[in-house]
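Residue-level structure breakdown
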Amino acid sequence: MKKILIISGSPKTDGNTDIAVKWLTDAISKSRAHIEIIKTSKLNYKSLGCISCRACQSRQEYGCVIKDDVQDVLKKTIDADTIIFATPLYFFGCSAQTKLIFDKWFSLYKWDNTTNTMKTPLQGKTLAVIATAYEDIGLDALEKPFKLTAEYSNMKFLSLLIKNAGVSGQIKKLEDAEEKIASFAFNLLSF
Ligand SMILES: Cc1cc2nc3c(=O)[nH]c(=O)nc-3n(C[C@H](O)[C@H](O)[C@H](O)COP(=O)(O)O)c2cc1C
């Protein structure tokens, strides 16, 4: 059974991101996949994002050494087949609440400077992004860091960028949005 982890990074409840995630999970639920959703604004943090202590690089285990809720998110990330970041567009990038988790992916890599090699349990998994924006520009900029990270990590990559979604809740008025999300879910499952 495919394990799908959705990291939902809007600070709003029932906004465009939450609605998009709901439509996505409704569509995925028709399959036998296992879905878990983590709302990043509800987590408890001891450190806000990666603090570049590099303690993760001096141990064998993958994951952050800082004992907060992100440790569990990272464990679930390692365990998942597909990781989906859902985020609103904030100033041409993902939300800060999304980035808090994304930067901690640093702890999911081991770099060996002597052999110039890198290992990661992310290899072979699928990374997906679903993002909404008020306007019709900027989502390509948001997508890029995720796409490049997937390439760097030998992950498969898929994205759904929803422009003109309006302010929180208005995605419901956008013609075809639910349909596009359902077909994105279908692509994800057959990826
Ligand atoms: C801090 C902030 C920055 C934003 N920056 C952009 C932007 O650069 N371009 C854009 O089209 N929309 C921008 N928006 C609008 C949101 O991306 C858009 O309304 C999104 O669908 C909201 O999703 P949510 O309801 O899940 O929070 C911004 C909203 C906020 C609160």
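Our structure is the block above this text.
The present account deals with the structure reproduced in this document. (Residues numbered from 1 in each chain as written. Predicted model: local features only at pLDDT ≥ 70, side-chain atom pairs only at ≥ 80, totals over all residues. Heavy atoms only, no water.)

Looking at helix α2 (residues 69-79), one finds that the buried residues are Val 70, Val 73, Leu 74 and Thr 77. Each buried residue of α2 sits inside an arc of 100° when the element is viewed along its axis, so together they form one side. Against the buried residues of α2 lie β1 (3-8), β2 (34-39), β3 (82-88) and α3 (96-102). (Buried < 20%, exposed > 50% of the residue type's maximum accessible area, 1.4 Å probe, protein only. Helix = DSSP H or I, 4+ residues; strand = E, 2+ residues; numbered from the N terminus. Arc of directions from axis to C-beta. Contact = heavy atoms within 4.5 Å.)

Core analysis: the largest hydrophobic core is formed by 30 residues, its most contacted members being Ile 83, Phe 85, Trp 105, Leu 127, Leu 142 and Phe 146. Elements with a minimum of two residues in this core: β1, α2, β3, α3, β6 (126-132) and α4 (139-152). The element that contributes the greatest number of residues to this core is α4, accounting for four residues. Phe 146 has contacts with Phe 85, Cys 94, Thr 98, Phe 102, Leu 127, Val 129 and Phe 157, leaving out every residue within four places of it along the chain. Ala 33, Ile 84, Leu 158 and Leu 160 belong to the second largest nonpolar core, which has 24 residues in total. (Core = buried A, V, L, I, M, F, W, Y, C linked by side-chain atoms within 4.5 Å.)

If you walk across this open sheet you meet the five strands as β2-β1-β3-β6-β7, and the pairing is parallel. The open sheet has two edge strands, β2 and β7 (156-162), and neither has a second partner. Adjacent strand axes in the sheet meet at a mean angle of 15° when their direction is disregarded. Both β3 and β6 contribute to a ladder of seven bridges, which runs parallel. (Pairing = 2+ DSSP bridges. Axes fitted to C-alpha atoms, helices over the stretch in contact; angles between N-to-C directions.)

What follows concerns the site of the ligand. The environment of the ligand is made up of 17 residues, and the closest members are Thr 17, Leu 89, Thr 132, Gly 166 and Ser 168. Protein chains shield 78% of the accessible area of the ligand, which is 650 Å² for the free molecule. Of all the cavities here, the one that holds the ligand is the largest pocket. Looking at the shell around the ligand residue by residue, the class counts come to eight nonpolar, seven polar and two charged. (Near = heavy atom within 4 Å. Areas by Shrake-Rupley, 256 points an atom, 1.4 Å probe, with all protein chains shown as cover. 1 Å grid on protein atoms, 1.4 Å probe; cavity = no way out; pocket = protein on both sides within 12 Å on 5 of 7 lines; lining within 4 Å. Sits in = over half its atoms within 2 Å of the grid points. Nonpolar A, V, L, I, M, F, W, Y, C, P; charged D, E, K, R; others polar.)

Any link to function would need more than the numbers given here.
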